[in-house]
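Below, each chain spelled out in residue letters.
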Amino acid sequence: MIGNSLPSSYTPCKATTEDLRKILDTYCESKATEDIDYLQKLGGEQWLKDNLLANFEKGISSSEVEGRRAQYGANKFKRPTRDPGCCGSLTGKKKEIDEEEKKWQAEDAKHKVEVCRDGVWKEVHYSDLVVGDLVKVTPQLARIHHDAWIIETNGLSVDESEMTGEPQFLKKATLKECVEFNNKAEKEGKTQRIDFASPILLSGSKIISGEGKAIVLLVGEESQYGKISPLLIMPN
């Protein structure tokens, strides 16, 4: 259970899961720039350093990983529900489920991400990520498996349609860049959410172009994708 059995050598971060959830909820409920206002009220990127002990250059220490996993949860997701009408007979149903399981595992194993720990970048399976990790964000990622806060970017554009229903690609940038970009947009009379940029990256999103670095905010069942994955129906 999250928050239980923390290693004795681990010093918990100040930020609670509820604090992190508030950041994501504010973004998801934002109609224009409410998320930016909230992040500025928190204290901007300094909040990540003070409350998640995030290191923007070296990442977290490998010795912290298990403690953070115990505090915030593992980056694991419930499988989508299998369509009960997929097969006729019990034998046929079991065979197809077994084949689907092998296919899913093979595809899932491909989902790797670059993370920096102890100042060294390495590639790991997404399930190894923990809250506070420093990660690279690139179009090579088939899907984002963590909610995150962008701290460095170069022309980053994402597709959030599966998560929010928004069909247009959205601009992602650092908080400072977002403030400048959004102020310009407001002066031009723009008012819709798609006209503004945000540093918040939703799990379940797909990177369309550009690249960047981010600090992981929520993982697994606590993440945005984790909240909806049990509701998804696996197709035939």
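All of these numbers come straight from a predicted model, not from anything done at the bench. (Residues numbered from 1 in each chain as written. Predicted model: local features only at pLDDT ≥ 70, side-chain atom pairs only at ≥ 80, totals over all residues. Heavy atoms only, no water.)

1. Observations concerning the overall build of the protein chain
Now for step 1: What the protein chain contains, in helices and strands, is eight helices and nine strands.
Now for step 2: For the protein chain, buried positions account for 45% of its 236 residues.
Now for step 3: Here the protein chain has roughly 12,200 Å² of accessible surface; of this, 49% comes from carbon and sulfur atoms. (Helix = DSSP H or I, 4+ residues; strand = E, 2+ residues; numbered from the N terminus. Buried < 20%, exposed > 50% of the residue type's maximum accessible area, 1.4 Å probe, protein only. Areas by Shrake-Rupley, 256 points an atom, 1.4 Å probe, with all protein chains shown as cover.)

2. Some details on the packing of aromatic side chains
Now for step 1: Taken as a whole and assessed by the stated rule, the structure comprises two aromatic pairs.
Now for step 2: Ring plane angle 50° and centroid distance 6.1 Å describe the contact between F77 and Y126, whose orientation is recorded as tilted. Highlighted residues: F77 in the loop between helix 4 (65–72) and strand 1 (81–82) and Y126 in the loop between strand 3 (120–125) and strand 4 (134–137), separated in sequence by 49 residues.
Now for step 3: Given a relative accessible area of 18%, F77 falls into the buried group.
Now for step 4: Assessed through its relative accessible area of 8%, Y126 is described here as buried.
Now for step 5: Ring centres of F77 and Y225 lie 5.4 Å apart, and the angle between their planes is 65°; on these two criteria the pair is classed as edge-to-face. Of the two residues, F77 is situated in the loop between helix 4 and strand 1 and Y225 in helix 8 (residues 224–228); the sequence distance between them amounts to 148 residues.
Now for step 6: Following the ring pairs from residue to residue traces out a cluster consisting of F77, Y126 and Y225.
Now for step 7: Over the aromatic face of F56 sits the side chain of K49, whose NZ or CZ is 4.6 Å from the ring centroid. (Phe/Tyr/Trp six-rings, centres within 6.5 Å; stacked < 30°, edge-to-face > 60°. Lys NZ or Arg CZ within 6 Å of the ring centre and 35° of its normal.)

3. Quick word on the pairing of strand 4
Now for step 1: With two bridges joining them, strand 2 (residues 112–117) and strand 4 adopt antiparallel strand pairing. Note that in strand 4 the partner of C116 across the bridge is L134.
Now for step 2: Here strand 4 pairs with strand 8 (residues 206–219) via four bridges, running antiparallel. In the strand pairing of strand 8, L134 is matched with I215. (Pairing = 2+ DSSP bridges.)

4. A look at the packing of helix 2 (residues 34–42) against helix 7 (residues 175–187)
Packed helix pairs are characterised by how far apart their axes lie and by the angle those axes make with each other.
Now for step 1: The contact between helix 2 and helix 7 brings their axes to 11 Å, and the two run at 135°. Regarding the angle of helix 2 to helix 7, the classification is oblique. The way helix 2 lies across helix 7 gives a crossing that is left-handed. Side by side, helix 2 and helix 7 meet where I36, L39 and Q40 of the first sit next to L175, C178, V179 and N182 of the second.
Now for step 2: Taken together, the residues of the contact of helix 2 with helix 7 break down into five nonpolar, two polar and no charged. (Axes fitted to C-alpha atoms, helices over the stretch in contact; angles between N-to-C directions. Parallel < 35°, antiparallel > 145°, perpendicular 65-115°, else oblique. Left-handed = near helix turned anticlockwise from the far one by under 90°. Contact = heavy atoms within 4.5 Å. Nonpolar A, V, L, I, M, F, W, Y, C, P; charged D, E, K, R; others polar.)

5. Let's talk about the confidence of the model for the protein chain
Now for step 1: Residue-level pLDDT values for the protein chain average 87, and 82% of them are 70 or greater.
Now for step 2: Of all helices and strands in the protein chain, the one with the weakest mean pLDDT is strand 9 (residues 233–234) (42), whereas helix 3 (residues 45–51) scores best (98). (pLDDT = per-residue confidence, 0-100.)

6. What to know about the pattern of salt bridges
Now for step 1: Under the defined criterion, the tally for this structure stands at 13 salt bridges.
Now for step 2: We note a salt bridge from D35 to R193, for which the minimum N-O separation is 3.2 Å. Of this pair, D35 sits in helix 2 while R193 is found in the loop between helix 7 and strand 7 (200–201), placing the two residues 158 residues apart along the sequence.
Now for step 3: The class of D35 is buried, set by a relative accessible area of 2%. (Salt bridge = Lys/Arg side-chain N within 4 Å of Asp/Glu carboxyl O.)

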